[in-house]
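Structural features, examined
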Amino acid sequence: MTVLGAIEAGGTKFVCGIGTEHGEVLERVSFPTTTPEETMAHVISFFEGKGIEALGVGSFGPIDPIEGSPTYGYITTTPKPHWGQYNMIGKLKEHFDVPMTFDTDVNGAALGEATWGAAQGLDSCLYITVGTGIGAGAVVGGKMVHGLSHPEMGHIIVRRHPEDSYAGTCPYHGDCLEGLAAGPALNKRWEQPAYELPADHKAWEIEAHYLAHALMNYVLILSPQKIVMGGGVMKQEHLFPMVRSKLQELLAGYVQHPSLHVGMDAYVVPPGLGDNAGLCGSLALAKLALSK
């Protein structure tokens, strides 16, 4: 059995795990994301002596995932205090001499879902997380999407809901998708935690509006074979049919494919890997590191 290490580096908490090349999680631990010094000390302590043969890191961002870049392995312009321009892979390399792959948490989750989850066997998929922030990663042609850097699909501009005048929470763009539809935007707009809002609250119609507009853009640009939606906000299961219905309405029959008509329930889906989507994504990154 190949022993793989996985790090799901989130802005709120880190999840570290040991698993196999088949996506099985054998051991996991989580702890709050504090300072790099304190958090990484926990990470290093967890993996010491475990005999890992490769390590995959799926991180909150923005990051530099482009191998050969002078800042490869860095968390870059994140607004999270203390973590800007932090060399995460450099720190890990000081302690573990194994192959590593570093990417966004959502690119990793997309790869995990394509390898073992809801998009298994497909050539392409998109994974979007809607929680403390909004991020999305994509697999196209069996590979994670990169370019100048990595996709930042949580910060696209979407058409405003006609009844919504909320200014938005994003410190960079104000009313981008994340600024309007992430968990903190819901909490501040309605002055209570989103999970306390009843299923028939106006909040969910507005939320579905923004998420469906985002998915429309992703469908038109990337044409993914499956869209997987995770994160804390998507634990509200009544959101899925609302988003599917609004997406179908917005596409207006323009893109002709059965998945977008009779098959929408199987096209926009929750993670097949459940709460392990992020951690299994990092196992998929570790597996990728072994093949390089």
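Residues numbered from 1 in each chain as written. Predicted model: local features only at pLDDT ≥ 70, side-chain atom pairs only at ≥ 80, totals over all residues. Heavy atoms only, no water.

In the annotation of an unreviewed UniProt entry, the entry for the protein reads fructokinase, and the organism field reads Paenibacillus amylolyticus. We quote the UniProt Cofactor (unreviewed entry) comment for the protein here in full: "Mg(2+)". (UniProt positions renumbered as here; feature names shortened; annotations may be inferred.)

This brings us to the overall build of the protein. For the protein, the count of helices and strands is eight helices and 12 strands. Relative to the 2.2 N^0.38 estimate, which gives 19 Å for 292 residues, the radius of gyration of the protein is 19 Å and therefore close to what a compact globule would have. For the protein, the spread of C-alpha atoms along the three principal axes comes to 55 × 40 × 35 Å. Counting all 292 residues of the protein, 52% fall into the buried class. Within the protein, contacts between residues at least 6 apart in sequence are counted, and of these 63% link residues at least 24 apart. (Helix = DSSP H or I, 4+ residues; strand = E, 2+ residues; numbered from the N terminus. Rg over C-alpha atoms; globule rule 2.2 N^0.38 Å. Buried < 20%, exposed > 50% of the residue type's maximum accessible area, 1.4 Å probe, protein only. Contact = heavy atoms within 4.5 Å.)

Attention now moves to the domain arrangement of the protein. We note that the domain assignment places domain 1 (3–104) and domain 2 (118–270) within the protein. A C-alpha centroid distance of 26 Å is found between domain 1 and domain 2. Each partner contributes to the interface: domain 1 provides nine residues, whereas domain 2 provides 10 residues. Each partner contributes to the roughly 690 Å² buried at the junction of domain 1 and domain 2, and carbon and sulfur atoms together form 57% of this total. Where domain 1 meets domain 2, there are zero salt bridges. In this assembly, domain 1 and domain 2 are joined by four residue pairs in polar contact (both at pLDDT 80 or more). (Domains from an automatic or database assignment. Buried area = accessible area lost by both parts, 1.4 Å probe. Salt bridge = Lys/Arg side-chain N within 4 Å of Asp/Glu carboxyl O. Polar contact = N/O pair within 3.5 Å; in protein donor to acceptor, adjacent residues only side chain to side chain.)

At a minimum axis separation of 12 Å, helix α5 (residues 183–190) and helix α6 (residues 202–222) run at an interaxial angle of 145°. In this structure, α5 crosses over α6, and the sense of that crossing is right-handed. Contacts between α5 and α6 involve Leu 186, Arg 189 and Trp 190 from the former and Lys 202, Ala 203, Trp 204, Ile 206, Glu 207 and Tyr 210 from the latter. (Axes fitted to C-alpha atoms, helices over the stretch in contact; angles between N-to-C directions. Left-handed = near helix turned anticlockwise from the far one by under 90°.)

Next up on the list: unusual backbone geometry. A negative phi angle is the norm for most residues apart from glycine, just as the trans form is the norm for most peptide bonds. Along the chain, Gly 61 connects to Pro 62 via a cis peptide bond; the corresponding omega equals 0°. Within the secondary structure, Pro 62 is located in the loop between β4 (54–59) and β5 (74–75). Even without glycine at this site, Gln 85 takes up a positive phi of about 60°. Tracing the sequence through the fold places Gln 85 in the loop between β5 and β6 (86–87). Judged by relative accessible area, Gln 85 falls into the partly exposed class, the value being 46%.

The next thing to look at is the pattern of salt bridges. Tallying each qualifying case throughout the model produces 11 salt bridges. Across the salt bridge formed by Lys 91 and Glu 94, the nearest N and O atoms sit 3.7 Å from each other. With a relative accessible area of 57%, Glu 94 lands in the exposed category. Among the ionic pairs, Arg 189 bridges to Asp 164, the shortest N-O distance being 3.0 Å. Separated by 25 residues along the polypeptide, Arg 189 in helix α5 and Asp 164 in the loop between β10 (143–144) and α4 (177–181) bring together distant segments of the chain. Judged by its relative accessible area of 14%, Arg 189 falls in the buried class. Within this structure, Arg 160, Asp 164, Asp 175 and Arg 189 form a network of salt bridges that share partners.

With that out of the way, let us pick up α6. Structural remark: α-helix, 3.6 residues per turn; residues separated by three or four positions point the same way. Taking 1.5 Å as the rise per residue, α6 with 21 residues should run 30 Å; its terminal C-alpha atoms sit 30 Å apart, in good agreement. Ser 223 lies just past α6 and shows a positive phi near 50°. (Expected span 1.5 Å × (residues − 1).)

Here we come to the side chain of Thr 101. The residue Thr 101 is located in strand β7 (residues 100–104) in this model. Classification of Thr 101 as buried rests on a relative accessible area of 3%. Engagement of the side chain of Thr 101 in a polar contact is seen with the backbone oxygen of Leu 285, the distance being 3.2 Å. Within the structure, Thr 101 has its side chain in polar contact with the side chain of Lys 292 (distance 3.2 Å). With near-sequence residues (within four places) excluded, Thr 101 lies in contact with Leu 55, Gly 56, Val 57, Tyr 72, Leu 285, Leu 288, Ala 289 and Lys 292.

On to the packing of helix α3 (residues 105–116) against helix α8 (residues 277–291). Packing of α3 against α8 brings their axes to within 7 Å, and their N-to-C directions diverge by 85°. Here α8 runs roughly perpendicular to α3, going by the angle between their axes. Note on element contacts: α8 touches α3 through Ala 277, Cys 280, Gly 281, Leu 283, Ala 284, Leu 285, Lys 287 and Leu 288, opposite Gly 108, Ala 109, Leu 111, Gly 112, Glu 113, Thr 115 and Trp 116. (Parallel < 35°, antiparallel > 145°, perpendicular 65-115°, else oblique.)

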